[in-house]
Amino acid sequence: MKLIFERSRSGLRCATIRPLEAPVFTLEQKYLRSELALPEVAEVDLVRHYTELSHNAFGVDSGFYPLGSCTMKYNPKLNEEVAAFDGFTHTHPLQEKETVQGNLHLMNDLASSLMELTGMDGMTLQPCAGAHGEFTGLLLIAAYHESRRDSKRTKILVPDTAHGTNPASAAMAGFEVVNIKSNEEKGVDLDDLRSKVGKDTAALMLTNPSTLGLFEKNIEEISKIVHDAGGLLYYDGANLNAIMGIVRPGDMGFDVVHLNLHKTFSTPHGGGGPGSGPVGCKAPLVKFLPFPSVVVDKKGRYEFTHGKENKDSIGKVSAFYGNFGVMVKALAYIKTLGSDGIKESAEHAVLNANYMKAKLQDIYPTESHRYCMHEFVIDLQKLKSETGVSAKDVAKAMIDRGMHPPTMYFPHIPGVIDEALMIEPTETENKETLDKAIEVLRELYETAHTDPKYLLDTPHNTPIGRPDEVAAARNPIVKYDL
Ligand SMILES: *Cc1c(COP(=O)(O)O)cnc(C)c1O
């Protein structure tokens, strides 16, 4: 399609302005531009241009978006409307607290709801992404050990199926990362854990259910092993979809948890934000939380904590209080669902994933025969060796059929899982949509055997087919030569 600059034709306008009647004031020449290249188009061209652009982008509102580990569920528009209320969008972070009592009330309510959902004793809403939450949580853990003069705890244990941000955050927080192997059942290998845990263990970071969509059945044993060695347990709660309202990380033995409000709690994401990654912790770590947080006094007035009560705090981790608009949507989501609704959506997330898994597993083998939670991983290694068609080819072909591809090549455990597609249908999809996706995936399997060549350069029906992803990342061309 053409750029708006290429549509431009001299003299075209969106509006005609009446001739000037007021006296003309002329600026000095030095303040004037010699040239200003703005596109000149009529209103109808402008509307058509941006409408066409929007049609070239795929989002949750366009179709099925089973991007595993990302929880691309439909976000109710009501929550957007609430977040756009003037009373929320027109407040300034430096306003006197007396004038923003409603906002503080909301933040306090959200923190309490999230504490209840996770089984934690304290919560900060400051971090602005999942990875930012991980980094914050790890700083809490470092502060905890330091406060006990336990300075030898320099290592963070991370299973090999973990999200890439886990080891990255641990390294950024100054820890050494130690990998823990998976066992036959694709859970944490307890013998490997026992051999690596010790006096130098600061914490184990765990995602439960794991990124393979499997619930870690040995969690109580794992918790005991790590705690007996003096380490802490960190919960990556980016995807709480499978368990919210059913089981709480705090009850599984976790000490610190982060959540992704922009995955589980109804903020659209992808394309870079805004996000929110609140961090909760158990009582012994609360005093280290970032400040300020919201508290309520005896007269029911909301206040920020500051100064003295924060002397042990790790400090601020973002400007002001975090992404407030995302907090509004999260609380609206929690309040409209209620505790029964939250539990029900978790049940539907798990049901939908198991339905798809069961309908596909005769041709697309999964990593485990156990029931999955909110997502599952199929391995296309066999398909690739039989037909030459890879996970990427199948994923790209789905685009032609009006669906976003699943997450590709994650987890990647060389020799164990090399051709992964991670499918997360989410609870907001109905049976018809799931059946359609199943039908498409089954057809693509057939095509891989009958006409593999056709799949090697999919998608065929999109403006851009297969860009060179490495070149696009290494040498991006961000300037267009008119
Ligand atoms: C998305 C995700 C993260 C990171 O969240 P960001 O907001 O993208 O930084 C961490 N862990 C898991 C399991 C995730 O799915």
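The paragraphs below set out a description of the structure included in this document. As a convention, each chain's residues are numbered from 1 in the sequence order in which they are written. pLDDT decides what is reported in this predicted model: residues at 70 or higher carry local features, side-chain atom pairs at 80 or more are listed and counted, and totals for whole chains, interfaces and linings draw on all residues regardless. Calculated side-chain values reflect all of the structure's heavy atoms, with hydrogen atoms and water omitted.

1. Comments concerning the layout of surface pockets
We count it as follows: In the cavity and pocket records, a cavity denotes points on a 1 Å grid over the protein atoms alone where a 1.4 Å probe fits but cannot get out, a pocket denotes an open set with protein on both sides within 12 Å along at least 5 of 7 lines, and lining residues are residues with an atom within 4 Å of a point. Grid points are joined across faces, edges and corners, and a volume is the space filled by probe spheres set on the points. Only DSSP runs of H or I reaching four residues or more are called helices, and only runs of E reaching two or more are called strands; each is numbered from the N terminus. For this classification, the nonpolar set comprises Ala, Val, Leu, Ile, Met, Phe, Trp, Tyr, Cys and Pro, the charged set comprises Asp, Glu, Lys and Arg, and every other residue, Gly included, is treated as polar.
Empty space within the largest pocket amounts to approximately 770 Å³. Taken together, 22 residues make up the lining of the largest pocket; nearest its centre are Asn56, Ile399, Thr462, Pro463 and Ile464. Within the residue set of the lining of the largest pocket, elements represented by two or more residues are α2 (43-55) and α14 (391-400). Taken together, the residues of the lining of the largest pocket break down into 14 nonpolar, seven polar and one charged. Approximately 400 Å³ is the volume found for the second largest pocket. Residue lining of the second largest pocket: 23 residues in total, with Met123, Leu289, Ser293, Val294 and Val295 positioned closest to the centre. Broken down by secondary-structure element, the contributors of at least two residues to the lining of the second largest pocket are α5 (101-118), β1 (122-124) and β8 (294-296).

2. Details of empty space enclosed by the protein
Evaluation of the coordinates by the stated rule reveals three cavities of 30 Å³ or more. Lining the largest cavity are 15 residues, with Pro159, Thr161, Leu206, Thr207 and Ser210 positioned closest to its centre. Of the residues that constitute the lining of the largest cavity, the class distribution is six nonpolar, six polar and three charged. Looking at the second largest cavity, its volume works out to about 50 Å³. In this structure, the second largest cavity is lined by Leu212, Leu214, Lys357, Thr366, Glu367, Ser368, Arg370, Cys372, Phe376 and Val377. Grouping the constituent residues of the lining of the second largest cavity by class yields five nonpolar, two polar and three charged.

3. Brief notes about the site of the ligand
Condition: Here a residue is near a molecule or strand as soon as one of its heavy atoms is found within 4 Å of it. Pairs of N or O atoms within 3.5 Å make up the polar contacts considered here, provided that, within protein, one atom can donate a hydrogen while the other can accept it, and that residues adjacent in sequence are counted only when both atoms are side-chain atoms. Accessibility throughout is a Shrake-Rupley quantity obtained with a 1.4 Å probe, and a residue counts as covered only by protein chains that appear here.
In the vicinity of the ligand lie 13 residues, with Ser69, Gly130, Asp236, His262 and Lys263 positioned nearest. Ala131 places a polar main-chain atom, nitrogen or oxygen, 2.8 Å from an oxygen atom of the ligand. Relative to its free-state accessible area of 380 Å², the ligand is covered by the protein chains to the extent of 86%. In terms of residue count, helix α6 (residues 130-147) provides more of the shell around the ligand than any other element does, three residues in total. Residues of the shell around the ligand, tallied by class, amount to three nonpolar, seven polar and three charged.

4. Focus: the nonpolar core
A general feature of soluble globular proteins is that nonpolar side chains tend to end up buried together. Selection rule: Nine residue types can take part in a nonpolar core, namely buried Ala, Val, Leu, Ile, Met, Phe, Trp, Tyr and Cys, and a core is a set of them joined through side-chain atoms within 4.5 Å. Each residue is placed in one exposure class: buried if its accessible area under a 1.4 Å probe, protein chains only, is under 20% of its type's maximum, exposed if it is over 50%, and partly exposed if it falls in between. Whether two residues are in contact is decided by their heavy atoms, any of which lying within 4.5 Å being enough.
Grouped together as the largest cluster of nonpolar side chains are 56 residues, with contacts concentrated most on Leu110, Leu114, Leu193, Leu204 and Phe265. Counting residues per element, this core draws most heavily on helix α12 (residues 324-360), which supplies eleven residues. If sequence neighbours within four positions are ignored, Leu193 has contacts with Leu157, Ile180, Val188, Leu204, Ile222, Ile225 and Val226. Within the second largest apolar cluster, 29 residues are counted, among which are Phe64, Ala391, Leu434 and Ile438.

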